[in-house]
Amino acid sequence: MRIIAGDFKGRRLFTPRNRDIRPTSDRVRESLFSILGERVRNAQFLDLFCGVGACGIEALSRGAAHATFVDASREALDLARRNLALCCVEINGMLIQAHIPEDLRQPMPPFHLVFADPPYTFPAYEALLEVLVKNRLLLPDARVIIETSRFRSLPDQVSSLCKIDHRVYGDTALSFFS
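Residues numbered from 1 in each chain as written. Predicted model: local features only at pLDDT ≥ 70, side-chain atom pairs only at ≥ 80, totals over all residues. Heavy atoms only, no water.

Participant: I keep staring at the overall build of the protein chain and nothing clicks. Help me out?
Facilitator: Summing up its helical and strand segments, the protein chain has four helices and eight strands in all. Secondary structure elements of the protein chain occur, N-terminal to C-terminal, as α-β-α-β-α-β-β-α-β-β-β-β. Rg of the C-alpha trace for the protein chain: 15 Å, near the compact-globule value of 16 Å for 178 residues, within the 12% margin. Along the longest, intermediate and shortest principal axes, the C-alpha atoms of the protein chain span 40 × 35 × 30 Å. Relative to its 178 residues, the protein chain shows a buried fraction of 50%. (Helix = DSSP H or I, 4+ residues; strand = E, 2+ residues; numbered from the N terminus. Rg over C-alpha atoms; globule rule 2.2 N^0.38 Å. Buried < 20%, exposed > 50% of the residue type's maximum accessible area, 1.4 Å probe, protein only.)

Participant: It is not clear to me how helix 2 (residues 54-61) should be interpreted in this structure. Could you clarify?
Facilitator: An α-helix turns once per 3.6 residues; consequently, residues spaced three or four apart project the same way. Taking burial as the measure, the eight residues of helix 2 include eight buried ones, the bulk of the element. By the burial criterion, the buried members of helix 2 are Ala54, Cys55, Gly56, Ile57, Glu58, Ala59, Leu60 and Ser61. Positioned one or two residues after helix 2, Gly63 has a phi angle of 105°, which is positive.

Participant: Where do I start with the pattern of salt bridges in this structure?
Facilitator: Think of it this way: side chains of opposite charge can pair up when their charged atoms draw near. Counted under the stated rule, the structure contains ten salt bridges. Between Arg41 and Glu38 there is a salt bridge; the shortest N-O distance is 3.3 Å. Looking at Glu38, the relative accessible area reads 60%, which means it is exposed. Two residues, Asp141 and Arg143, come together in a salt bridge whose shortest N-O distance is 3.3 Å. Taking relative accessible area as the criterion, Arg143 reaches 16% and is therefore assigned buried. Each member of the salt-bridge network shares a partner with another, and the members are Arg2, Asp26, Arg29, Glu58 and Arg62. (Salt bridge = Lys/Arg side-chain N within 4 Å of Asp/Glu carboxyl O.)

The structure is reproduced here in structure tokens:
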């Protein structure tokens with residue numbers, strides 16, 4: 001697993017030893033950030049179910065001002081911490097151990113971009129979107145991107161968020177909400 005573009009292009013990241021953590025593939029990350037384009041520059045980025053932190057670090061590599069990494073797994077957060085240090089951007093990242101969505105109630109600043117890559121068996125996609133809106137974690141014109149199995153269908157609208165795009169890459173799908 002490597003950083004695709006930006007300041008850390010080509011940097012190889014620490015990865016898990018087992019299959020408990022499923023990082024977003026390079027191909028899907030490349031497509032995601034190609035779609036987001038200049039929207040990443042100077043953004044506040046929230047990486048939910050961050051795993052090794054590849055998406056948040058990719059955002060920092062492409063000019064995001066700050067990335068917050070959230071995961072329930074201590075092992076995942078340790079890998080994300082090591083990868084932030086590897087790229088010398090610890091100061092631009094914050095790590096939070098939390099269960100999602102229930103622990104997203106703690107005070108956090110709002111974000112321009114939210115990327116969520118839960119386990120494909122995650123049962124609470126709608127609750128996650130509702131918590132982001134209810135707890136005011138989204139800045140005006142924010143984008144929320146959720147990675148799912150291509151076989152999982154997400155609603156077209158949840159709370160004030162509307163699905164604006166849906167892309168499929170092999171077994172993976174990305175749904176974009178605004």
